[in-house]
Amino acid sequence: MPTMEKAELRTPRGEILHAAYQDDSQDGTTTYRISGQDVRGVFVIDPQVVDHRFRVDPDLQLVRIYYGQDARQGSAANRDRLEKPIVDGCELEGAPLISLDWLRRYPLSGWTPAAVANSLIEKHYRGGTDYEVAPVGVTDHAADVVEALLRHWCARPESYALRLHKAQTMSRRRKSTLHTNMRAAVDQFAEARSDLLALELEIAAVNAFDSVDLVASW
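Residues numbered from 1 in each chain as written. Predicted model: local features only at pLDDT ≥ 70, side-chain atom pairs only at ≥ 80, totals over all residues. Heavy atoms only, no water.

**Regarding the overall build of the protein**
Thinking step 1. Scanning the protein for helices and strands turns up 5 helices and 10 strands.
Thinking step 2. Counting only carbon and sulfur atoms, one obtains 54% of the accessible surface of the protein, whose full area is about 13,400 Å². (Helix = DSSP H or I, 4+ residues; strand = E, 2+ residues; numbered from the N terminus. Areas by Shrake-Rupley, 256 points an atom, 1.4 Å probe, with all protein chains shown as cover.)

Have a look at this one:
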C-alpha cells in the first residue's frame, strides 16, 4: 500500500490541521485523514468529471466531499462509511457537491453558515436512525476544515492528473456501457425483424387465400 503523505494545513480562521493524505489514481480520489482541535476523521475528495449531459470532462470544476472511507466496494450509502469526521463532538453525515469556481470567487464569505451550512454539513448522526441538522458552530468549523482541504488539493500539481485518471476510468466505463446497450439494441432489432418477417409471411398467406375465387372453384 502506498505511503500516505503528510502536510500541515491552516484553515481560513487560522486553525492548524495535521493531515495525512493518499491518492487513488484509479478512481481519482484523495483520502485525507485529519486531526486538529476538536476535529478528527477521514474526508475523501472525489473530482467530478461527468457533466449533466453524461459527457466526460476532466476540466469540470466540481468535487464531491465524502465524510468517511468507503466501507465496501460499490456502496453508495453514506451510513456505511467508516471513520466519519467528528467535529466539535458531532459525526458528520453526507456527501456535498462543491463548485471550485464558486470557492475561488468567494474565498471566505461563501463559507458563512447562512450560505452553505445546510448543503455542506447536512446532518449529524446520533445513533440508530436518528439524524438532525448540525448546529451552526459545527457547520462553521467543518466548513473551515473542508475549505483548507480543498485549497491544499487544488494547489497540488497531482490534482489535474487525478482528474485525467478519473476521466479515463469513466470513459472506459461509459464505452463499455454503450457497447452493451448497442449489442442489446442490435439483438432487439434482430428479434423485431424476425417477428416482422413472420408477420409479412402470414399476411401474404392470408392475402393469397383472399384472392381465391371460391365460386369458380366450386
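**Observations concerning the nonpolar core**
Thinking step 1. Counting residues in hydrophobic clusters, the biggest one holds 28 residues, and the most contacted among them are Y32, F43, I45, I65, L149 and L150.
Thinking step 2. Of all the elements in the fold, those that place two or more residues in this core are β1 (5-10), β2 (16-24), β3 (29-36), β4 (39-48), β5 (62-67), β7 (90-93), α1 (100-105) and α3 (136-155).
Thinking step 3. It is α3 that contributes the most residues to this core, 8 residues altogether.
Thinking step 4. Those residues in contact with Y32 that sit more than four places away from it in its chain are A19, A20, Y21, G41, V42, F43, I45, L149, H152, W153 and R156. (Core = buried A, V, L, I, M, F, W, Y, C linked by side-chain atoms within 4.5 Å. Buried < 20%, exposed > 50% of the residue type's maximum accessible area, 1.4 Å probe, protein only. Contact = heavy atoms within 4.5 Å.)

**Examining the confidence of the model for the protein**
Thinking step 1. When pLDDT is averaged along the protein, the result is 77; 77% of the residues meet or exceed 70.
Thinking step 2. Low pLDDT (under 50) marks residues 108-130, which in the prediction has 60 contacts with non-local residues, meaning those over four places away or in another chain. (pLDDT = per-residue confidence, 0-100.)

**Considerations on the environment of A95**
Thinking step 1. Residue position: A95 is located in the loop between β7 and β8 (97-99).
Thinking step 2. Looking at A95, the relative accessible area reads 12%, which means it is buried.
Thinking step 3. For the pair A95 and D46, spaced 49 residues apart in sequence, the C-alpha to C-alpha distance is 9.9 Å.

**Looking at the pattern of salt bridges**
Thinking step 1. Throughout the structure, instances matching the rule amount to 6 salt bridges.
Thinking step 2. For the salt bridge of R151 with E147, the shortest nitrogen-to-oxygen distance reads 2.9 Å. A residue pair is termed a helical-turn pair when its members lie 3 or 4 positions apart in one helix, as R151 and E147 do in helix α3 at 4 residues.
Thinking step 3. The class for R151 is partly exposed, based on a relative accessible area of 36%.
Thinking step 4. Using a relative accessible area of 2% as the deciding quantity, one classes E147 as buried.
Thinking step 5. Residues participating in the shared-partner salt-bridge network are D23, R156 and E158. (Salt bridge = Lys/Arg side-chain N within 4 Å of Asp/Glu carboxyl O.)

**Some remarks on unusual backbone geometry**
A negative phi holds for most residues other than glycine; trans holds for most peptide bonds.
Thinking step 1. The residue D38 is not glycine, and still its phi comes out positive at about 60 degrees.
Thinking step 2. Within the element layout of this structure, D38 appears in the loop between β3 and β4.
Thinking step 3. Unlike most non-glycine residues, D88 shows phi in positive territory, near 50 degrees.
Thinking step 4. Following the sequence through the fold, D88 ends up in the loop between β6 (86-87) and β7.

**Quick word on the side chain of R156**
Thinking step 1. Relative to the assigned elements, R156 resides in the loop between α3 and α4 (158-210).
Thinking step 2. Of note is the side chain of R156, whose polar atom sits 2.7 Å from the side chain of D23.
Thinking step 3. The residues contacting R156, other than those within four sequence positions of it, are Y21, D23, T30, Y32 and L162. (Polar contact = N/O pair within 3.5 Å; in protein donor to acceptor, adjacent residues only side chain to side chain.)

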